[in-house]
Amino acid sequence: MTEPSLVLGDITRQRVDAVVNAANSSLLGGGGVDGAIHRAGGPEILAECRRLRASHYGRGLATGQAVATTAGRLPARWVIHTVGPVFSAEEDRSPLLASCYRESLRVADELGARTVAFPAISTGVYRWPMDDAARIAVAAVRAARTAVEEVVLVLHDEAAYEAFAARMR
Ligand code: APR
């Protein structure tokens, strides 16, 4: 049982072992968290992502899966890239969103990371309603069997922070 903590801030500035990126399946970067991490972390991250594509992920990283790279110039040691599901009102994709948290913690365990920071995966470009994403994220972290000692959920604005705080009660 891992009880996450909440931080209002910028995930690229978190002093943790690993930061989780809300990545694109191409692993080639994008906007939002993806853009911020690549901008702040520098070209080493993309270079390693390209190598991962060439060796294992030619068809892209699947939704709900996770893979680690260097964190480049970030304070963290690793970036764990995970692909969130795009929200759908027709189909329940919540297991895929929960998988992003579970698989990222599994990768963190493989790395020996003890502190991990997550963004609110899928709640930006992928349009997942914040409150529901908070419910899934908090439950997934709490249910995770992991050696990670500290999980920080990093929210980028007050509304997101309040939505997560409400789900932590
Ligand atoms: N630190 C923490 N959180 C952030 C930051 C940041 N620097 N920048 C944005 N966020 C928040 C957003 O406000 C949102 O709540 O992260 C959450 C996730 O938003 P996105 O980054 O848009 O991620 P997502 O919805 O999962 O969409 C992923 O967007 O950028 C592309 O390449 C990416 O295709 C992928 C898709």
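Please read all numbers here as calculations on a predicted model, not as lab measurements.

(A) Layout of the site of the ligand. As a structural note, the neighbourhood of the ligand is formed by 21 residues, with Gly31, Val33, Asp34, Thr123 and Gly124 the closest of them. Here Thr123 contributes a side-chain N or O atom positioned 2.7 Å from an oxygen atom of the ligand. Here an oxygen atom of the ligand and a backbone polar atom of Gly124 are 2.8 Å apart. Within the complex, 90% of the 700 Å² of free accessible area of the ligand lies under protein. When atoms are counted within 2 Å of each cavity's grid points, the one that captures over half of the ligand is the largest pocket.

(B) Focus on the layout of surface pockets. Volume-wise, the largest pocket comes out at about 590 Å³. For the largest pocket, the lining is made up of 28 residues, of which Ala22, Gly32, Val33, Asp34 and Gly124 are closest to its centre. Listed by contribution, the elements that provide at least two residues to the lining of the largest pocket are helix H1 (32–41) and strand E6 (150–155). Here the lining of the largest pocket takes four residues from H1, the largest share from any one element. Tallied by class, residues from the lining of the largest pocket come to 14 nonpolar, 11 polar and three charged.

(C) Region of the structure containing the environment of Ala108. Relative to the helices and strands, Ala108 is located in helix H3 (residues 94–111). The class of Ala108 is buried, set by a relative accessible area of 0%. Leaving out residues up to four positions away in the same chain, Ala108 has contacts with Ile80, Ala113, Val116 and Val148.

(D) Spatial organisation of the UniProt feature "domain: Macro" (unreviewed entry) in the protein chain. Annotation from UniProt places "domain: Macro" (unreviewed entry) at residues 1–169. Its end C-alpha atoms 16 Å apart, residues 1–169 is made of 39% helix and 17% strand.

(E) Here's a closer look at the nonpolar core. Residues Ile80, Tyr101, Val116, Phe118, Leu153 and Phe164 are the most contacted members of the largest nonpolar core, which totals 36 residues. For this core, the secondary structure elements donating two or more residues are strand E2 (18–22), strand E3 (66–70), strand E4 (78–82), H3, strand E5 (115–118), helix H4 (130–143), E6 and helix H5 (158–168). When near neighbours in sequence (up to four residues on either side) are disregarded, Tyr101 contacts Phe118, Pro119, Ala120, Ile121, Ala137, Ala140, Val141 and Leu153.

About the thresholds
- Residues numbered from 1 in each chain as written.
- Predicted model: local features only at pLDDT ≥ 70, side-chain atom pairs only at ≥ 80, totals over all residues.
- Heavy atoms only, no water.
- Near = heavy atom within 4 Å.
- Polar contact = N/O pair within 3.5 Å; in protein donor to acceptor, adjacent residues only side chain to side chain.
- Areas by Shrake-Rupley, 256 points an atom, 1.4 Å probe, with all protein chains shown as cover.
- 1 Å grid on protein atoms, 1.4 Å probe; cavity = no way out; pocket = protein on both sides within 12 Å on 5 of 7 lines; lining within 4 Å.
- Sits in = over half its atoms within 2 Å of the grid points.
- Points joined across faces, edges and corners; volume = space filled by probe spheres on them.
- Helix = DSSP H or I, 4+ residues; strand = E, 2+ residues; numbered from the N terminus.
- Nonpolar A, V, L, I, M, F, W, Y, C, P; charged D, E, K, R; others polar.
- Buried < 20%, exposed > 50% of the residue type's maximum accessible area, 1.4 Å probe, protein only.
- Contact = heavy atoms within 4.5 Å.
- UniProt positions renumbered as here; feature names shortened; annotations may be inferred.
- Core = buried A, V, L, I, M, F, W, Y, C linked by side-chain atoms within 4.5 Å.

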